[in-house]
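Listed here are the chains, written in short residue letters.
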Amino acid sequence: MDLTVAPGEVLGISGPSASGKTTLLQVIAGTVDPDRGSVRLSGVTLTDADVLVRDDRRNLMLAGQDAVLDRENNVAANIATALPSDKKRRRIGAHRVAMVLDLLELDTVLADSRPAQLSAGERQRVALARAIVGFGLGGPEAAVLLDEPLSAVEVGTRIRLLQAVLADVGTQPIPVVLVSHDPEEIAAVAGRRLALTRGRLTPVP
């Protein structure tokens, strides 16, 4: 399998459950080593027959179905954990946190809530906000990987939120890979589409 994603491109990959979508993102992230093939993001080879970039050097932001949040922190603090550590940028980042809360239609009242007080869909929105909050603040992000990040959200709202998030991320020359079992979702937000079946990627017209 060979996969290339260009700067600023939104690549959507659809496939049924257990088709290997999550494993594919793990290969891109570097947490699973492929048996063969290559992965290139923004012209940089992450893995091929001669190259294997360590996962901690790939600078990828991942949001998945399982919204793992710090239960001791409120929503705003959970999102802010992904901000650059530089103090000046963190001050600017406070405005960015407010922006992504609005972007993902999270009421500002929820900013002080703990994860246990949120619905499954709200927790997923918070995790997605955390994944994108650093963009535009000089962070090292090289790509965004989205593994059905809003699966607990109603489909119409999910598509609207993903379109808003991808428009925001699209202000930076950063590739995005979104996987979903829902072809409608992929068709609504992705510029290029692939189908994953039995470990093979094929273009979708």
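The rules we used
- Residues numbered from 1 in each chain as written.
- Predicted model: local features only at pLDDT ≥ 70, side-chain atom pairs only at ≥ 80, totals over all residues.
- Heavy atoms only, no water.
- Helix = DSSP H or I, 4+ residues; strand = E, 2+ residues; numbered from the N terminus.
- Rg over C-alpha atoms; globule rule 2.2 N^0.38 Å.
- Buried < 20%, exposed > 50% of the residue type's maximum accessible area, 1.4 Å probe, protein only.
- Contact = heavy atoms within 4.5 Å.
- Areas by Shrake-Rupley, 256 points an atom, 1.4 Å probe, with all protein chains shown as cover.
- Lys, Arg positive; Asp, Glu negative; His and termini not counted.
- Charge placed at Lys NZ, Arg CZ, Asp CG, Glu CD.
- Core = buried A, V, L, I, M, F, W, Y, C linked by side-chain atoms within 4.5 Å.
- Pairing = 2+ DSSP bridges.
- Axes fitted to C-alpha atoms, helices over the stretch in contact; angles between N-to-C directions.
- Expected span 1.5 Å × (residues − 1).
- Polar contact = N/O pair within 3.5 Å; in protein donor to acceptor, adjacent residues only side chain to side chain.

Things to note about the overall build of the chain
Of regular secondary structure, the chain possesses 6 helices and 9 strands. Computed over C-alpha atoms, the radius of gyration of the chain comes to 17 Å, within 12% of the 17 Å expected from 2.2 N^0.38 for 205 residues, which places it in the range of a compact globule. Principal axes of the C-alpha set define a box for the chain whose edges measure 45 × 35 × 30 Å. In the chain, which comprises 205 residues, the proportion classed as buried is 47%. For the chain, contacts bridging at least 24 residues in sequence account for 73% of all contacts bridging at least 6. Summed over all atoms, the accessible surface of the chain reaches about 10300 Å², with 50% contributed by carbon and sulfur. Averaging the coordinates of the 23 positive side-chain charges in the chain and doing the same for the 25 negative ones gives two points 3 Å apart.

Notes on the nonpolar core
Judged by nonpolar contacts, the single largest core of 41 residues is most densely connected at Ile-79 and Leu-146. Sorting the residues of this core by element identifies strand S5 (60-63), helix H2 (75-80), helix H3 (87-103), helix H4 (120-132), strand S6 (143-147), helix H5 (155-169), strand S7 (176-180) and helix H6 (183-189) as the ones contributing at least two each. Each residue touching Leu-146, except ones within four places of it in the same chain, is listed here: Leu-25, Ala-63, Leu-128, Leu-162, Leu-166, Val-176, Val-177, Leu-178 and Val-179. Leu-11, Leu-24, Leu-46 and Leu-196 belong to the second-largest nonpolar core, a separate cluster that totals 19 residues.

Topic: unusual backbone geometry
Located in the positive-phi region is Ser-42, a residue other than glycine, with phi close to 50°. With relative accessibility at 28%, the residue Ser-42 sits in the partly exposed group. In this structure, Glu-105 takes a positive phi of about 55° despite not being glycine. Tracing the chain through its elements places Glu-105 in the loop between H3 and H4. In this structure Glu-105 comes out as partly exposed when scored by relative accessible area, which is 40%.

What to know about the sheet that holds strand S1 (residues 2-5)
Within the open sheet, the 3 strands sit side by side as S1-S3-S4. Their pairing is mixed. Either end of the sheet is taken by a strand with one partner, and the two such strands are S1 and strand S4 (44-47). Each adjacent strand pair in this sheet contributes to an overall mean axis angle of 20°, direction not counted. Examined bridge by bridge, S1 and strand S3 (residues 38-41) share 4 bridges and lie parallel to one another. Looking across to S3, one finds that Thr-4 is bridged to Arg-40.

Quick word on H5
Taking 1.5 Å per residue, 15 residues should reach 21 Å; H5 reaches 21 Å between its end C-alpha atoms and fits that length. Every buried residue of H5 is listed here: Thr-157, Arg-158, Ile-159, Leu-161, Leu-162, Val-165, Leu-166, Asp-168 and Val-169. Of the residues that open H5, the one with a side-chain oxygen 2.9 Å from the backbone nitrogen of Gly-156 is Glu-154.

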